[in-house]
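Per-entry structural report
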Amino acid sequence: MKFFVQTFGCIQNTADSEKVRSYFLSNGDEEVKSWKEADTVIVNTCMVRQSAENRAYGLVRNSQKLKKKVIITGCLVGVIKKNYRKKAEVMKNFSGVDFWPIEKFEVDYEPIKKFNDTVLIPISYGCNNMCSYCIVPFARGPEISRNMEGILAEVDEAIKKGNKNILLIGQNVNSYGSDLQTCGYVHMGKKRFKSLFPELLKKVAEKDLEKVSFVSNNPWDFSDDLIEVIAEYKNIDRLIHLPFQAGDDEILKKMNRNYTKKEYLDLVERIKEKVKDVRFSTDIIIGFPGETDEKFEETVDICRQVNFEVAYLNKYSPRPGTVSEKLYKDDVPMKVKKERWVRLEEMINKR
Ligand code: SF4
């Protein structure tokens, strides 16, 4: 059987697709370079943005027109498990398609998951944060951390095979291990549970590696212990991805992001103080409900102050079943979202 895997979305999906490939390869199937040559097309979906969802549906339709077997996996499968409205819509539009949860692609060994020359190592799955716009907690469930020994063994295996660059991945890497704790403490005004990420990062950085990177981070879990570890080990990537999403405090509150603009900027300053050569990248949502011109200027102001190297800019689109879809009207016109997008794109990514 000839198969083709198409991945949409984040680096987590890229890593999951390696499991899908290993699953079919270990069955003796042949991987081909284009969906048109395949008998079976596996679509690893992303639900974070409407545009990614639409592109996945386009591929499913085209594959079905050419009478190919289609398997949908990834975030859409997680979402339709819980959202009956979405399930009915998808089932009506795509009869004859198989829906496989990503766990179904298990193989009895851990494949080396690579992206360019970097090995991707998932350290946790899911997320506990419930940002109001985000579908990830519905699609992937609550955060579950892998055990540290298993992660370190996978790092050792990658090194043994000659790899020098490691990327630790999770929806929120710096809360890694907090689901294993019972005692909490207060950080940035909120009760949090101790993360084991600084300890894990230190253990990985002590190995024979040229570069250790990690994504994605949340400001409220970025502890002083973590900053100390980054400062101490020179092989830890100096480009830190620190999503802030919006600059206005009222919008941040509606997004259920647990920090203010000032707290975010203070954190950036604390990191800059300890890690002298640090650079930052970020994620920004443009046109969240209620984002007036004035509130958008707070976003622009953060960009000006932090001087990001790269920003991943997303125009807000309501996702099915999320709090923001239910509570807030998508009231910023697309024309305005596009203008704001162009402004940030020129300010950060096209300099
Ligand atoms: S931290 Fe927020 S934005 Fe990131 S995956 Fe979790 S809920 Fe989504």
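Presented here is an overview of the structure given in this document. Keep in mind the model is a prediction, meaning the values are calculated, not measured.

1. Observations concerning the pattern of salt bridges
By the definition in use, this model includes 31 salt bridges. Two residues, Glu 157 and Lys 160, come together in a salt bridge whose shortest N-O distance is 3.6 Å. With Glu 157 and Lys 160 both in helix α6 (residues 148-160), this residue pair falls 3 residues apart, about one helical turn. A relative accessible area of 32% means that Glu 157 is categorised as partly exposed. Judged by its relative accessible area of 68%, Lys 160 falls in the exposed class. Asp 277 serves as the salt-bridge partner of Arg 238, at 3.2 Å between the closest nitrogen and oxygen. Taken together, the residues Arg 238 in the loop between α8 (224-232) and β14 (239-241) and Asp 277 in the loop between α10 (261-274) and β15 (279-286) connect sequence positions 39 residues apart. A relative accessible area of 9% means that Arg 238 is categorised as buried. Here the salt bridges do not stand alone but share partners, grouping Glu 53, Lys 86, Glu 89 and Arg 319 into one network.

2. Things to note about the packing of helix α11 (residues 293-306) against helix α13 (residues 334-349)
In the contact formed by α11 and α13, the axes pass within 11 Å of each other and the chain directions differ by 15 degrees. It follows that α11 is roughly parallel to α13 by the angle criterion. When you trace α11 past α13, the crossing you get is right-handed. Each of Asp 293, Phe 296, Glu 297, Thr 299, Val 300, Cys 303 and Arg 304 in α11 lies in contact with α13, whose residues at this interface are Arg 340, Arg 343, Leu 344, Met 347 and Ile 348. Its residues assigned to classes, the contact of α11 with α13 comprises 6 nonpolar, 1 polar and 5 charged.

3. What to know about the sheet that holds strand β10 (residues 165-169)
Strand order in the open sheet formed by 4 strands is β6-β7-β10-β13, with mixed pairing between adjacent strands. The open sheet has two edge strands with one neighbour each: β6 (114-115) and β13 (211-215). For β6 and strand β7 (residues 118-122), the ladder comprises 2 bridges, and the chain directions are antiparallel. Directly across from Phe 115, in β7, lies its bridge partner Thr 118. Packing against the sheet, helix α1 (residues 11-26) makes contact with β6, β7, β10 and β13, and its axis sits at approximately 95 degrees to β7. Across the sheet, α6 touches β7 and β10, and the angle it forms with β7 is around 165 degrees.

4. Overview of the pairing of β10
Of all 5 residues making up β10, 5 are buried, and the element is well covered by its neighbours. Neither face of β10 is exposed, since Asn 165, Leu 167 and Ile 169 on one face and Ile 166 and Leu 168 on the opposite face are all buried. Across 4 bridges, the pairing between β7 and β10 is parallel. Each residue of the ladder has a partner; that of Leu 120, found in β10, is Leu 167. Looking at chain direction, β10 and β13 are connected through 5 bridges and run parallel. Looking at the pairing, Leu 167 lines up with Ser 213 of β13.

5. Details of the pairing of β15
For β15, the tally of buried residues reaches 7 of 8 residues, placing the bulk of the element in the interior. Looking at chain direction, β14 and β15 are connected through 3 bridges and run parallel. Counted as the bridge partner of Leu 239 is Arg 279 from β15. As paired strands, β15 and strand β16 (residues 310-315) are joined by 6 bridges and run parallel to one another. Considered in β16, the bridge of Ser 281 is made with Val 310.

6. Here we look at the sheet that holds β16
Strands sit in the order β14-β15-β16 across an open sheet of 3 strands; the sheet is parallel. The sheet terminates laterally at β14 and β16, the two strands that pair on one side only. Along the sheet, successive strands turn relative to each other by an average axial angle of 15 degrees, direction set aside. Packing against the sheet, α13 makes contact with β15 and β16, and its axis sits at approximately 175 degrees to β16.

7. Re the environment of Ile 42
Considering the arrangement of structural elements, one finds Ile 42 in strand β3 (residues 40-45). C-alpha separation for the pair Ile 42 and Val 20, spaced 22 residues apart in sequence, amounts to 8.4 Å. Ignoring anything within four residues of it in the chain, the contact list for Ile 42 reads Phe 3, Phe 4, Val 5, Gln 6, Val 20, Phe 24, Ile 71, Thr 73 and Phe 105.

8. Things to note about the environment of Asn 165
Inspection of the secondary structure assignment puts Asn 165 in strand β10. Distance from Asn 165 to Asp 98, taken between C-alpha atoms, is 36 Å for residues 67 residues apart in sequence. Residues in contact with Asn 165, not counting those within four places in the same chain, are Asp 117, Thr 118, Val 119, Leu 209, Glu 210 and Lys 211. Side chain to side chain, Asn 165 and Asp 117 meet in a polar contact 3.3 Å long.

Rules behind the numbers
- Residues numbered from 1 in each chain as written.
- Predicted model: local features only at pLDDT ≥ 70, side-chain atom pairs only at ≥ 80, totals over all residues.
- Heavy atoms only, no water.
- Salt bridge = Lys/Arg side-chain N within 4 Å of Asp/Glu carboxyl O.
- Helix = DSSP H or I, 4+ residues; strand = E, 2+ residues; numbered from the N terminus.
- Buried < 20%, exposed > 50% of the residue type's maximum accessible area, 1.4 Å probe, protein only.
- Axes fitted to C-alpha atoms, helices over the stretch in contact; angles between N-to-C directions.
- Parallel < 35°, antiparallel > 145°, perpendicular 65-115°, else oblique.
- Left-handed = near helix turned anticlockwise from the far one by under 90°.
- Contact = heavy atoms within 4.5 Å.
- Nonpolar A, V, L, I, M, F, W, Y, C, P; charged D, E, K, R; others polar.
- Pairing = 2+ DSSP bridges.
- Polar contact = N/O pair within 3.5 Å; in protein donor to acceptor, adjacent residues only side chain to side chain.

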